[in-house]
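# Close look at the chain arrangement
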Amino acid sequence: EDKVVQSPLSLVVHEGDTVTLNCSYEVTNFRSLLWYKQEKKAPTFLFMLTSSGIEKKSGRLSSILDKKELSSILNITATQTGDSAIYLCAVGFSGNTGKLIFGQGTTLQVKP
Amino acid sequence: NAGVTQTPKFRILKIGQSMTLQCTQDMNHNYMYWYRQDPGMGLKLIYYSVGAGITDKGEVPNGYNVSRSTTEDFPLRLELAAPSQTSVYFCASSYGGVSYNEQFFGPGTRLTVL
């Protein structure tokens, strides 16, 4: 059975801390791994990682895909209260469906 | 572009009632999806469509139906609502091609079945 597992499930840090969120997967026909941020509403896209792009960075956020270990990490440096959200990891399949399987999410709370 | 829009934003149903959740996208995306999100959980795929007239089941299709008569619209039908269908429902769409795994989400519909 295809599955995506995130850890930790929740995390509380203080502003300025650096956090690392984990995502591991067991899927057939892996195509891509995506990270989304969800703040009390719709998920918004952060990164997509594939075999041809295993590392992405945008400002204080960065992500790496380890295809050997079937996992990915999302790093956030110098956290701010605005980073408080649920971070969702999803895996996409090769083939003509575009389907994603999501992990449970990691709830991050950044305290002032 | 409005992106992906969903109506209604909130709804309370009684057990056994039926309703349709509406989803429209104006990005000319071929692929559309319906998810549900329960508290503390990720998103579970209910149904998806790769084009007008083509739909298929996802992980949790029981109790739901969909149709896709146009590229823009992908309504989700709940028949005989049950308390287990209390959830937040998200519609999403994607373009296809090389980046087709990137999905764009609507604002969600919060449904309570009492």
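Here the structure is shown first, and the text comes after it.
What counts, and where the lines are drawn
- Residues numbered from 1 in each chain as written.
- Chains lettered and ligands numbered in written order.
- Predicted model: local features only at pLDDT ≥ 70, side-chain atom pairs only at ≥ 80, totals over all residues.
- Heavy atoms only, no water.
- Helix = DSSP H or I, 4+ residues; strand = E, 2+ residues; numbered from the N terminus.
- Rg over C-alpha atoms; globule rule 2.2 N^0.38 Å.
- Buried < 20%, exposed > 50% of the residue type's maximum accessible area, 1.4 Å probe, protein only.
- Contact = heavy atoms within 4.5 Å.
- Areas by Shrake-Rupley, 256 points an atom, 1.4 Å probe, with all protein chains shown as cover.
- Lys, Arg positive; Asp, Glu negative; His and termini not counted.
- Charge placed at Lys NZ, Arg CZ, Asp CG, Glu CD.
- 1 Å grid on protein atoms, 1.4 Å probe; cavity = no way out; pocket = protein on both sides within 12 Å on 5 of 7 lines; lining within 4 Å.
- Points joined across faces, edges and corners; volume = space filled by probe spheres on them.
- Nonpolar A, V, L, I, M, F, W, Y, C, P; charged D, E, K, R; others polar.
- Buried area = accessible area lost by both parts, 1.4 Å probe.
- Salt bridge = Lys/Arg side-chain N within 4 Å of Asp/Glu carboxyl O.
- Polar contact = N/O pair within 3.5 Å; in protein donor to acceptor, adjacent residues only side chain to side chain.
- Pairing = 2+ DSSP bridges.
- Axes fitted to C-alpha atoms, helices over the stretch in contact; angles between N-to-C directions.

## Overview of the overall build of chain A
- Helix and strand content of chain A: 0 helices and 11 strands.
- In terms of overall size, chain A behaves like a compact globule, its C-alpha atoms giving a radius of gyration of 14 Å where 112 residues would be expected to give roughly 13 Å.
- Along the three orthogonal principal directions, the C-alpha set of chain A runs to about 45 × 25 × 20 Å.
- Going through the 112 residues of chain A one by one, you find that 44% of them count as buried.
- Look at the contacts in chain A between residues 6 or more apart in sequence, and 56% of them connect residues 24 or more apart.
- Taken as a whole, chain A presents about 5,500 Å² of accessible surface, with 50% of it coming from carbon and sulfur.
- Of the side-chain charges in chain A, 12 are positive and 10 negative, and the distance between the mean point of each set is 5 Å.

## Details of the layout of surface pockets
- Taken as a whole, the largest pocket spans an internal volume of roughly 610 Å³.
- Where the lining of the largest pocket is concerned, the elements lending two or more residues are β11 (106-111) of chain A together with β9 (87-94) and β11 (109-113) of chain B.
- Of all the elements, β11(B) adds the most residues to the lining of the largest pocket, at 4 residues.
- Estimates place the volume of the second largest pocket at around 210 Å³.
- Lining the second largest pocket are 14 residues; nearest its centre among them are D2(A), K3(A), I101(A), K44(B) and E59(B).
- Only β1 (3-7) and β10 (100-102) of chain A together with β5 (43-51) of chain B provide two or more residues apiece to the lining of the second largest pocket.
- Classifying every residue of the lining of the second largest pocket by side-chain character gives 6 nonpolar, 3 polar and 5 charged.

## So, the interface of chain A and chain B
- Contacts between the two partners involve 23 residues from chain A, matched on the other side by 22 residues from chain B.
- Across the chain A/chain B interface, buried area totals approximately 1,800 Å², and carbon plus sulfur atoms make up 53% of it.
- Our count for the contact surface shared by chain A and chain B stands at 0 salt bridges.
- Applying the counting criterion to the chain A and chain B interface returns 6 residue pairs in polar contact (both at pLDDT 80 or more).
- Counting residues per element, the ones that place at least two in the side of chain A that touches chain B are β4 (30-38), β5 (43-50), β9 (85-93) and β10 of chain A.
- Take the side of chain A that touches chain B: its biggest share by element is 5 residues, from β4(A).

## Quick notes on the sheet that holds strand β8 (residues 76-78) of chain B
Residues and elements named next belong to chain B.
- Strand order across the open sheet formed by 4 strands is β1-β3-β8-β7, with antiparallel pairing between neighbours. A single partner strand is all that each edge strand has here, and the edge strands are β1 (4-7) and β7 (64-66). In this sheet, neighbouring strand axes are inclined to one another by 20° on average, regardless of whether the strands run parallel or antiparallel.
- As paired strands, β1 and strand β3 (residues 19-25) are joined by 4 bridges and run antiparallel to one another. Counted as the bridge partner of V4 is Q25 from β3.

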